[in-house]
Each structure stands twice: as structure tokens, then as C-alpha cells.
Amino acid sequence: MWYKAGKFILQQRLVLLTALFAATLFMGWKASHVQLGYDFTKALPTDNPKYVEYQAFLKRFGADGNTMVIGIESDKFYTTAFFNELGRLHQHLKSVNGVTEILSIPEVINLVNDSANHKLLPVKIFNYPFSSQASLDSARIMFESLPFYRKLLYNPQLHTYLMGVSVNKDTINSKSRTRLINDILQQINTFENKANTKVHTSGLPFIRTTIGNRIKNEMNWFLIGSLVLSAITLFIFFRSFSATLMSLLVVGMGVVWCLGTIVLFGYKITLLTALIPPLVVVIGIPNCIYFLNKYHTAYRETNNKEEALITMVGRMGIVTLFCNIAAAIGFAVFALTHSDLLKEFGAVAGINIMALFLISLIFIPTVLSYLPPPKTKHTRYLDNAFLEKILIKIEQWAFYHAKWVYGITAVITVFAVIGIFRIKSEGFIVDDLPKKDKVYTDLKWFEQNFGGVMPLEIIIDTKKKKGIFRSKPIEKIEELSNYIAANPATAKPLSFVEGLKFAKQAYFGGDTLSYTIPYDADLLFMAPYLQAKGDSSAKTAKGLTKLMNSFMDSTKQMARISVNMKDVGSVQLPLLIKDFKKKADELFDTASYHVTFTGSSISFLEGSAFIIKGLKESIFWAFLLITLCMLYLFRSFKILICSLIPNLIPLIVTAGVMGWSGIALKPSTVLVFSVALGIAIDVTIRFLINYKQELPLYKQDVPKTLVQTIRHTGISIIYTSLVLIAGFIIFCWSDFGGTRALGWLTSLTLVVGTLTNLILLPVLIISTSGKKKMD
């Protein structure tokens, strides 16, 4: 069948090549419309309770996590020059397109009791620019007498100060987010230079945008670097520009088809689908090497180009098909999960790995048919003396040192299994960054000075309209807030109760001792003051009323407690929530209240945990499906067992090294196993199919067939591994720990997979065949 396919491809080469180029042009046109995705909740399925709760929160209260924070630590803060410059920064930030609101010390207000009209009038405290230090000092005394702002905008013990910049949720979730963050940073940099001070920046909008842009830029450069290194290695092996260029064109078309598929399916590029182009290189380069290796071998035997090309397709077509099927299964199973993020990744990766087979099958034979026959220098690599010595050593180990092979394999496996039990599954929102990176150090600065910037939202549902404006729920919210504030992992919680305390202080003439929760009698007297009316409503809306309304729903049935916390990670966060929930259950009986814990921090970490779980399950199903595929291919239980062991060991070794190295399981590192499985299976299938094809030619003589298989397939396996290692090793220069791990762990898996398939696999075949040595 495959020999007939080879003849058909050569006969219809012009038509097939034209059709391939036309399809690639179409996919290229589609790829030009590809967009980046910015939805960070897609990792969770829509029926996940955490997702449902978070969406309900967004619908009722609007987006959380849309505040970028600016921190300052300076003993010159309350000098006229510095403070006036800070005021100008506030005004400049207000003019940035996409900034919706700013909370900063220069623009803070005090509330003044207008008893005649029963109103609380907002009065600006700092009337900058200041020309007198005495005026600024007087305003400072007034400001520091208001407990509402304490630990919200400044830390009195550490003399640090904070500014909050809220950004438009649509802008920060679009491609304009980079422009928005850069515009804000430009104003901050100008302030730093003029005020001669250091400014710290953080918050989810800043962190997500900065890390997302870095990963995007790294992936672009690493893809280019991976292709360049692969090209150099290919040229060193084949000594042919045409063979090198042809291989790069194959993977180049694969990348174009992959981006085109993303657009055709209506998807956007995510942090997972951005990894598919490098994966296309991983699968595409071996296709090219094995096709070219078989073509050169066949041509040297026949000295006939057309016959060599037909032999190439006839012998390698089925091998490449099943290799790509196995790799496609490894990734396509992700499409069976309930996560949109994993579904998109699985569908695009699976389809394009099979498309890559089609591209290789059409492009390589047709292009080679137009090129002149290979010269002697192009096939010289087949007689590499160094590799021949290595392959002879491998033969000797397989036939004469089987006990040593089994012994060493057993020791390494046991050591790796011990390491597996040391693996921890833990993720952080700011994950993988170097400890000296400014994003990381600034985040830690805010955690030390203001308790953190990661948003946690608590919703108190009183189950009745206007139920929150009663002394009982107010007392309970205050007690829960104080309990949370006492935890070292959290900042001062903010709720409408803080606004009521601020209003009560104003009602009683600004007395600091009156900054306490109002009781029923207080609420009765204060009720007229808490309603915006008349000409002052617009001003009041900007002050207390707007603040309080953002922490309750329109029916006054639900109250929101917003908490900023440290990036405690996926292990500590559930314990923290459990502790807070236990306290909430003590305070709020389930008959009268319903308490919900949500927020983008919980959704993000829940999504990461869900991705890890989905990847683990997918790897299991992939291994099962690949096992069935190999059973169908070889129709032998013995061969099946022989094929599975050399693929399990590289995965076990990689997991063990992760455990001993302290590398945690997270989406970026779990993905290593999928890549590793596809690579190891690829090598096994190519080795065993070649063995199966050669066995009848050597009259079922297992030892002689193995020698031939090792010598013919071993060279291409070693070359393929070296090219892929060159492609992956570049990831070790990443700024992100997960990307570095992906690079060196995959390279390690390649090395182990190559050794197990060239040494252990022949030993297993000999052991199961019953014939130990050659005659």
C-alpha cells in the first residue's frame, strides 16, 4: 500500500505540491488574524462551583483585581516639593486612557457634618500645590487623625505609602493592556526621576500584563532560536542546504497551519496554545530526519533516485503515520477534559500533528524528486565512525551484558521512584520568576508593608432586602474583618462597615474615638446623612456613597468584604480559606446567612490546580490509547510489553529528577510528561517497525535482525535526539523557572528515551524471544 502511495505521490507531485502550497497560503491568511486571549478563568469548566461563584460575583459587583498599586518609601514624603510632585503624578495618571479611578493621599477627603442640612460633606484635605510647609503639616495632622485611611494608604509603623490605580476591565482584558500599563509606567518613571525616589509597582493587572508579555516575547525568540539551532545541527549532519531548508519549511508550514487552525476554530492564543509551535518543531524535525535517512540509505543501495523515494515512502510512511498518531493521541486527549483551555490546546495540537504528517508525506518526496540525487558528502554521515563505535558498544551491551543493563535500569528506576514521592504540587500567581526580578521584589515589598495585593472576596448574603443595614450583621462583618486582619497573610479588609465607621466619626464631629461600628440607634440618626441628595449628590457619589455602594448590592441584601492577601500559593490558600470559613460559620448561622469566598486569586489558583489534574488524567488516557494503538500495530503481547517499558522509564526518571531537584508540579512542568511521552513513543515505534520489517528478510533470526535494526535505525535515532536536544536546550535560558524546567527536563527525557530504546529495548526483545546470542 505505502509503495503504491509513493508512486502516486511522484506521479501527481505537481498537483499535490500546488494543493499543499494553496492550503498553506490559506492557512497563512487565517494565521494573520490570530489574536491573543486574555481570559484567565478559561482553565475552569463553566459548571465548576468556583467558576459559577466568581461569575455571580462579577455580575453583581463588577470586576475585581483591576487595581494596580504604586508604593513609595521616603522620609521626604511630606515635604512640599515631593508632595506637590506626587499630586502632579495623580493628575497625570488620571489623564491616561483606560484609568478609571485613583485613590491616593493627595486627593483624600474628610467628611464634615452639615447638621443644618443633614448631610456629610466631602472636603478635600490636601489643597496642593503647597507653598508652605506649615500648611502641609496641618493637613497631614488632619489626615492621620482618620483611622479609615490607616494601613489602607499608608503604614504608620514603616512610613510607607500606597496609591491605587483602577483600570478599565475591558481595556486590561484586551490587546490594549500593554499600552495602558506602559502609559502608567511612563508617568511613574517621570515621577521617579523628578522626585528622586524609588517607586514600587504591583497588582494583578501589572503582574499579568508584564509576565504575559515576557512569556510571549520569550516564546517568539525561543521558537526562532530553536529553529536556528535545529537548522545548524541538521546541516552539520546532512551537509546539505537543501535538506536543511526543506526540513525547516516542513515545520514552518506546520506552524502556519497551527496558527490558522486556531483562527478557524474561533480560538485565541493562550499560554498553553502558545506552546504548540515549539511542539510542531519537536514532531516535525524527526519526520524529516527519518524520511531523509531512509532516502539516503535506499539511494546508496540502489543508486536510483525514483526507486529510493518510493522505498522511502513505502518503508517510512507507516512508521511516520503511527508515530504521529501516537503523538496526536498524547495531546488530543486534552480535548476530552472539561476545561476550555485544555480542550483548545488538545484539539489544535492533535489536529496539527496529523496535519504535519500530511505535510511531510507530500512535501518531502515531491521536493526531493525535483532536486538532484544526493552526493557522496550528503550520505557520509551514514558512515560516521564515532557513531558506529557507539552502536557496536550498544550491540555488545544488548547481547553480552543483559544482566548489567537490567541491574542499572533497576537501580536508576528505584532511585527515581523515591524521588517521585518527594514531588510537591504547588503553584503561585507570581510563579517561576527569579527572586531578584523587580516584579517579584516589588510584590514582596507590598506584602511586607501592606499585607499583599492578591484579591480575595467574601460575600455575605443576609437573604433579605436591606438586611445588611442592621447592627447584628454589621457587628458580625466587623468581627470577621478583625479576625482576617489579624492574620499575617492578609491586609486590612475593606467593606461598607469601614465606610459606616468613617461616617459615624464625621457625624460626631471627627472624634477619633467615634470610629466604631454604629448600632441601631446610631443608624437611625445617621440615616438621612447616608443618602445622597440635592446638589451635593455628585460630590458625595465620588466619596462615601460610591465607596459604600461598591461593597453592597443594589437591594442592600448582600455585603462584600474585599481582602488583599499575600501570594501564599495553592497549598496554603485552601488552609487559609478553611480557617476564615470556620470563623465565618461561627459568626453567620446558615439559616439566616450565606457566606461565599471567591475572587480572581481563588479562580486563578483553582484553575491551575484543575489544569494539573486534567494533564495528569490526560497522560493516563493517552498512555492507555497509545498502548491499544501499539497492540493493534504489532499484534503481539510480548512486543507490547517490550515497547511500554522503555517508554515508562524515561517518564519515571524525569518525575524522579523533578522530586530530587525540588521542582513542583504545575502546568508548565506537567506538560513535560506529554512531550516526553510523544518523543519516547516516537523512537520506540520507529525502532520496532523497522525491526518488524527486517525480521522476514533475515528469516526470523532475532539477533541478526536486531543488529541490522540498531545500525540502520540507531543513527537516525541519535541524530534526531541531538537535533531535538539542540531545539529544547535553548529554553534553559528563560527567565521563568517553568520554561527552564521544560527545556532541560525534556532534554533529559530525550537522552534517557534514546538510551532505553537503543539498549534496553533490544535486551527485552532478546529476553522474550528466547535467543540470547548471535550464532
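Our structure is the block above this text.
Just so it is clear, the model here is predicted, and its values are computed rather than measured.

1. Comments concerning the pairing of strand β9 (residues 558–565)
- The element β9 is largely enclosed, with a buried count of seven among its eight residues.
- In this structure, strand β8 (residues 454–461) lies alongside β9, joined through eight bridges in antiparallel fashion. Along β9, the bridge assignment pairs M454 with M565.

2. Section: the packing of helix α16 (residues 471–485) against helix α17 (residues 496–507)
- Two elements in contact, α16 and α17, have axes separated by 9 Å at closest approach and are oriented at 105°. When the interaxial angle is binned, α16 and α17 end up roughly perpendicular. Within the contact between the two elements, α16 uses I474, I477 and E478 and α17 uses F496, V497, E498, L500 and K501.
- Considering only residue class, the contact of α16 with α17 consists of five nonpolar, no polar and three charged.

3. Quick look at empty space enclosed by the protein
- Throughout the structure, instances matching the rule amount to nine cavities of 30 Å³ or more.
- By volume, the largest cavity amounts to about 100 Å³.
- Around the largest cavity, the lining residues are Y290, N293, K294, T297, M316, V319, R686, N690, H712, T713 and S716.
- Elements supplying a minimum of two residues to the lining of the largest cavity: α10 (276–302), α11 (305–332), α24 (667–694) and α25 (702–729).
- Tallying contributions element by element places α10 first for the lining of the largest cavity, with four residues.

4. A short note on a positive patch on the surface
- On the surface, a cluster of positive charge is made up of R239, K375, K377 and R380.
- Examined against the element boundaries, R239 turns out to sit in the loop between α8 (204–238) and α9 (241–264).

5. Details of the sheet that holds β9
- The three strands are arranged β9-β8-β10 in an open sheet whose pairing can be described as antiparallel. One side of each edge strand has no neighbouring strand; the edge strands of this open sheet are β9 and β10 (594–598). Direction aside, neighbouring strands of the sheet carry axes that sit 15° apart on average.
- In the packing of helix α21 (residues 569–587) onto the sheet, contacts are made with β8, β9 and β10, and the angle to β10 comes to roughly 165°.
- Contacts from helix α22 (residues 600–634) reach β8, β9 and β10, with the element oriented near 110° to β8.

6. Some remarks on the environment of E144
- Structurally, E144 is set in helix α5 (residues 133–144).
- Apart from the residues lying within four places of it in its own chain, the contact partners of E144 are Y78, R150 and Y154.

7. Points about the side chain of T598
- Within the secondary structure layout, T598 lies in strand β10.
- By relative accessible area, which is 2% here, T598 ends up buried.
- Setting aside its immediate chain neighbours within four residues, T598 contacts E53, Y54, F57, L456, E457 and I459.

8. Considerations on the packing of aromatic side chains
- One pass over the structure, following the stated rule, counts 36 aromatic pairs.
- Here the aromatic rings of Y149 and F502 are separated by 5.8 Å at their centres, their planes lie at 80°, and the arrangement is edge-to-face. Residue Y149 is located in the loop between α5 and β5 (154–155), and its partner F502 is located in helix α17; the two are separated by 353 residues in the primary sequence. Both residues of the pair, Y149 and F502, count as buried.
- Look at F620 and W621: their rings are 5.3 Å apart centre to centre, the planes differ by 70°, and that puts the pair in the edge-to-face class.
- Taking NZ or CZ as reference, R560 lies 5.3 Å from the ring centre of F551, over its face.
- The residue whose ring lies beneath R635 is Y632, and the NZ or CZ to ring-centre distance is 4.5 Å.

9. Some remarks on the environment of H159
- Checked against the element boundaries, H159 lands in the loop between β5 and β6 (160–167).
- Note on H159: relative accessible area 46%, which makes it partly exposed.
- Separated by 85 residues in sequence, H159 and S74 have C-alpha atoms that sit 7.4 Å apart.

10. A few points about the pattern of salt bridges
- A complete count under the given rule lists 15 salt bridges for this structure.
- R179 is the partner of D183 in a salt bridge, and the nearest nitrogen-oxygen pair spans 3.1 Å. Note that D183 and R179 are positioned in helix α7 (residues 177–195) at a spacing of four residues, about one turn of the helix.
- Residue D183 is classed as partly exposed on the basis of its relative accessible area, which comes to 24%.
- Taking relative accessible area as the criterion, R179 reaches 31% and is therefore assigned partly exposed.

Thresholds applied
The residue numbers shown here count from 1 along each chain, following its written sequence. Where local features are concerned, this predicted model is filtered to residues with pLDDT of at least 70; where side-chain atom pairs are given and counted, the filter is 80 or more; whole-chain, interface and lining totals use all residues. With hydrogens and water stripped out, all remaining heavy atoms of the structure feed into the side-chain values. Per-residue accessibility, obtained with a 1.4 Å probe over protein chains only, is compared with the maximum for each type, and a residue is labelled buried under 20%, exposed over 50%, and partly exposed between these values. Going along the chain from the N terminus, every DSSP run of H or I of four or more residues is numbered as a helix, and every run of E of two or more is numbered as a strand. DSSP-based pairing: two strands are paired if at least 2 bridges between them are found. For helices, the fitted axis covers only the stretch in contact; all axes are lines through C-alpha atoms, and the angles between them, taken along N-to-C directions, range from 0 to 180 degrees. An angle counts as roughly parallel when it lies under 35 degrees, as roughly antiparallel when it exceeds 145, as roughly perpendicular when it falls between 65 and 115, and as oblique in every other case. We call two residues in contact when some of their heavy atoms are within 4.5 Å. Under the grouping applied here, Gly and all other residues not named as nonpolar or charged are polar, the nonpolar ones being Ala, Val, Leu, Ile, Met, Phe, Trp, Tyr, Cys and Pro and the charged ones Asp, Glu, Lys and Arg. Here a cavity is any set of points on a 1 Å grid over the protein atoms alone where a 1.4 Å probe fits but cannot get out, and a pocket is any open set with protein on both sides within 12 Å along at least 5 of 7 lines; a residue lines the site when it has an atom within 4 Å of a point. Grid points are joined across faces, edges and corners, and a volume is the space filled by probe spheres set on the points. Within the patch definition used here, like charges are joined within 9 Å and nonpolar side chains (Val, Leu, Ile, Met, Phe, Trp, Tyr) within 5 Å, considering only residues with over 30% relative accessible area and no salt bridge. The Shrake-Rupley method, run with a 1.4 Å probe, gives the accessible areas here. Residue values count only the displayed protein chains as cover. The term salt bridge refers to a side-chain nitrogen of Lys or Arg lying within 4 Å of a carboxyl oxygen of Asp or Glu. Positive charges come from Lys and Arg, negative ones from Asp and Glu, while His and the chain ends are left out of the count. Note that the charge is assigned to NZ on lysines, CZ on arginines, CG on aspartates and CD on glutamates. In this scheme Phe, Tyr and Trp rings, the latter by its six-membered ring, pair at centre separations within 6.5 Å, and the angle between planes marks the pair as stacked below 30 degrees, edge-to-face above 60, and tilted otherwise. Charges are assigned to positions over rings by a cutoff of 6 Å between ring centre and Lys NZ or Arg CZ, combined with an angular limit of 35 degrees from the ring normal.

All quantities given are derived from atomic positions and should not be read as evidence of function.
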